[in-house]
Amino acid sequence: MTTSLHLQNLSREAILTHVDALSDILENCVNGGASVSFMLPFSHEKARAFWLSVADSVGRQERTVLACADEQGELIGTVQLITDQPENQPHRADVAKLLVHEKARRKGAAMALMEALEGEARKQGKSVLVLDTATGSGAEVFYQRAGWQKAGEIPRYALMPDGALTATSLFYKFL
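Residues numbered from 1 in each chain as written. Predicted model: local features only at pLDDT ≥ 70, side-chain atom pairs only at ≥ 80, totals over all residues. Heavy atoms only, no water.

Q: How should the overall build of the chain be read in this particular structure?
A: The secondary structure content of the chain amounts to five helices and seven strands. Each helix and strand of the chain, ordered N terminal to C terminal, gives the series β-α-α-α-β-β-β-α-β-α-β-β. Expressed along its principal axes, the backbone C-alpha trace of the chain runs to roughly 40 × 40 × 35 Å. Looking at the chain as a whole, 44% of its 175 residues are labelled buried. A separation of at least 24 residues holds for 60% of the contacts in the chain among residues at least 6 apart in sequence. Entry remark: accessible area of the chain is about 9000 Å², with carbon and sulfur atoms responsible for 49%. Seen as two clouds, the 18 positive and the 21 negative side-chain charges of the chain have centres 4 Å apart. (Helix = DSSP H or I, 4+ residues; strand = E, 2+ residues; numbered from the N terminus. Buried < 20%, exposed > 50% of the residue type's maximum accessible area, 1.4 Å probe, protein only. Contact = heavy atoms within 4.5 Å. Areas by Shrake-Rupley, 256 points an atom, 1.4 Å probe, with all protein chains shown as cover. Lys, Arg positive; Asp, Glu negative; His and termini not counted. Charge placed at Lys NZ, Arg CZ, Asp CG, Glu CD.)

Q: I would appreciate a short explanation of the pairing of strand S4 (residues 92–100) in the present structure.
A: Moving residue by residue along a regular strand, the side chains alternate between the two faces of the sheet. For S4, the buried fraction is high: eight of the nine residues fall into the buried class. Sheet topology places S4 next to strand S5 (residues 128–134); three bridges connect them, and they run parallel. In the strand pairing of S5, Ala93 is matched with Leu129. The β-α-β motif built from S4, the intervening helix H4 (residues 109–123) and the parallel element S5 has right-handed crossover chirality. (Pairing = 2+ DSSP bridges. Right-handed = clockwise from strand over helix to strand, strands pointing away.)

Q: How do you make sense of the environment of Leu75 when you look at a structure like this?
A: Mapped onto the elements of the fold, Leu75 is located in strand S3 (residues 75–82). Along the chain, Leu75 and His101 lie 26 residues apart, while their C-alpha atoms are 8.8 Å from each other.

Q: Would you mind going over the packing of aromatic side chains with me for this structure?
A: Aromatic ring pairs: the centre-centre distance and the angle between the two ring planes describe each pair. The full count for this structure, using the stated rule, is seven aromatic pairs. Judged by centre distance (5.2 Å) and plane angle (75°), the rings of Phe50 and Trp51 are edge-to-face. Judged by centre distance (6.0 Å) and plane angle (50°), the rings of Tyr143 and Phe171 are tilted. Here Phe171 lies in strand S7 (residues 165–174) and Tyr143 lies in helix H5 (residues 138–145), a separation of 28 residues in the sequence. No difference in accessibility class separates Tyr143 from Phe171, as the two residues are buried. What links up through ring pairs into an aromatic cluster is the set Phe38, Phe42, Phe50 and Trp51. (Phe/Tyr/Trp six-rings, centres within 6.5 Å; stacked < 30°, edge-to-face > 60°.)

Q: Could you clarify how one ought to interpret the packing of helix H2 (residues 19–31) against helix H3 (residues 44–59) in this entry?
A: In a packed pair of helices, the relevant descriptors are the angle between the two axes and the axis-to-axis distance. Packing of H2 against H3 brings their axes to within 8 Å, and their N-to-C directions diverge by 120°. Our classification of the angle between H2 and H3 gives oblique. The two elements H2 and H3 meet at a crossing, and its hand is right-handed. For the pair formed by H2 and H3, the contact residues are Val19, Asp20, Leu22, Ser23, Asp24, Leu26 and Glu27 on the first element and His44, Ala47, Arg48, Phe50, Trp51 and Leu52 on the second. Each residue belonging to the contact of H2 with H3 can be placed in one class, and the counts come to seven nonpolar, two polar and four charged. (Axes fitted to C-alpha atoms, helices over the stretch in contact; angles between N-to-C directions. Parallel < 35°, antiparallel > 145°, perpendicular 65-115°, else oblique. Left-handed = near helix turned anticlockwise from the far one by under 90°. Nonpolar A, V, L, I, M, F, W, Y, C, P; charged D, E, K, R; others polar.)

These values are about where atoms sit, not about what they do.
Right, dumping it as structure tokens:
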């Protein structure tokens, strides 16, 4: 890691304060081809609407949003822990939207975010985390390197931002 990273848990109010920076990260990732539920063309307005919805979800205590800032305090990455689960799954949470701006990649932000997310999940009494990612993506390799177990693949699961069909790989991790 070449820079000093600062991690923080974002409250609803903090998300609203940083909505433009968070939107820039999301817009950068989607426009760069990341398969994170959005299609091209992807606008800043659509990114803002997403983050405003996430802020409301945080306010309802349905999820936790962690952010990573660089040495200058600029947000460069984020990840979400979705804890709003069915009644029979209080021990489980979903991991969503691990996003790192392209200018900050390969400097440890993604790993720092995931380690912080796992710590937060433990604090919240979670023992099983699950996520999915596009099969064959760099994210798939990253999760395996981070100790996640691949449970399998589902062909033709989703569309990439450009409209191409992609399989998804399902992962889990016991804490």
